[in-house]
Amino acid sequence: MVVLAASAAFYTRTIGVSMCLAAPLYLLLAPPVRWTLADWRPRLARAMAVGIGVGVLCGGWTLRNRVVFSGQGHNYLGQFMLKQAYVPDAGQVSPTALVARIEANAHYYADQFQRTLGGHFWDRFSTGTSVAHFLMLCVVIGFLTAAIFRRSVAEPYLLAYAAIVLLWPWKDLRFAVPLMPFFFYYAAWFLALPFLLVNLVLQPGHRFQAQLAAACILFPLTVPGGVHTLHTAQNDRVVGYHYQADKLGDWEAYADWQDFHAAAIWLKANALPGSTVINRSPNIFYLRSEERRVGKECRSRW
């Protein structure tokens, strides 16, 4: 089941390789760890069995894709070292630039966590990005605490996922979404840590409920982000809002995205019925099309 679950994550999205790496690593280091040969033999056997199973299923599919497809666009490993993932001609990134990329990506995802945890609450503090850095330090301390005292598959998964998104040539909010529940979890561990330490010197009947105390502190900070999410969801109930090219001026977009919509507007007015348009986002073109069927991938019928 572990092999199938990890492979399914990889088949769903390539980033699922994080789970493929995390599963055998957790089986190798699952608590409680006893530093004896008799304990490590079955651990190694389980980890190797899962690793080989995942390697066969996912490696076979990867090899199949390399045979069927060709080109840089289908090679994620090659894209890690590019300056721009979608512009291979820009060349490869230097080691110095790679370190700068990791730093910039880390700052970005720390800022996203700050925005999620408290929303505009932090605007009253003129501390720049130091708040985001402090919050991430709390998460790291909580991560280490959980890894030591209550280790699960979440820790190796988060390490693998974070390594991938920090190395990736570009950062995006959608990459941050899977990180946020883990950040909240480890922030709760950080908040519970003082109560757990005090409990060491208290009698059993007088000890704090550390998890409940952490939740009471953390919950108010989640409310602004939750309210904003609900507000956004209500606005998104307007059908097709984000895909209406004539409403592009309502939101800030990248220059290439603006060109994409400008092309969609022109094609809607000028393309002959039944024309085939080669593009990278066929679903969006389909929403703008009068031809009520979807063609092959990277094609849209007009």
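Preceding this paragraph is the structure being described.
Counting starts from 1 at the beginning of each chain's written sequence and moves along it residue by residue. For a predicted model such as this one, the threshold for reporting local features is a pLDDT of at least 70, and the threshold for listing and counting side-chain atom pairs is 80 or more; totals across whole chains, interfaces and linings nevertheless cover every residue. Hydrogens and water molecules were not included; the side-chain quantities draw on all heavy atoms of the structure.

K.L.:
Describe the pattern of salt bridges, naming the residues involved and giving the relevant values.
P.N.:
The term salt bridge refers to a pairing of a side-chain nitrogen on Lys or Arg with a carboxyl oxygen on Asp or Glu at a separation within 4 Å. For the structure on display, the rule yields 2 salt bridges. Here R43 ties to D39 by a salt bridge, and the two come within 2.8 Å at their closest N and O atoms. With R43 and D39 both in helix α3 (residues 37-68), this residue pair falls 4 residues apart, about one helical turn. Residue D172 pairs with R174 through a salt bridge whose shortest N-O separation is 3.6 Å. Here a helix means four or more residues in a row that DSSP labels H or I, a strand means two or more in a row labelled E, and each is numbered from the N terminus.

K.L.:
Tell me what's going on with the nonpolar core, and back it up with residues and numbers.
P.N.:
In this text, buried Ala, Val, Leu, Ile, Met, Phe, Trp, Tyr and Cys residues form a nonpolar core when linked through side-chain atoms within 4.5 Å. Any residue under 20% of the maximum accessible area for its type is buried, any over 50% is exposed, and the rest in between are partly exposed; the area is computed with a 1.4 Å probe on protein chains only. F113, V139, L179, F183 and Y186 are the most contacted members of the largest nonpolar core, which totals 32 residues. Secondary structure elements with two or more residues in this core: α5 (95-116), α6 (130-149), α7 (154-167), α8 (173-176) and α9 (179-199). Per element, the largest residue contribution to this core is 8 residues, and it comes from α9. Those residues within four positions of L179 in sequence are excluded, and the remaining contacts are Y109, L158, Y161 and V165. Residue contacts are counted whenever heavy atoms from the two residues lie within 4.5 Å of one another.

K.L.:
Summarise the environment of L267; cite the residues concerned and give the values.
P.N.:
Tracing the backbone shows L267 in helix α11 (residues 255-270). For L267, a relative accessible area of 15% translates into the label buried. Between the C-alpha atom of L267 and that of V277, which follows or precedes it by 10 residues, the distance is 8.9 Å.

K.L.:
Explain unusual backbone geometry residue by residue, including any values.
P.N.:
Residue P32 follows P31 across a cis peptide bond; omega there is -5°. With respect to the helices, strands and loops of the structure, P32 is situated in the loop between α2 (17-29) and α3.

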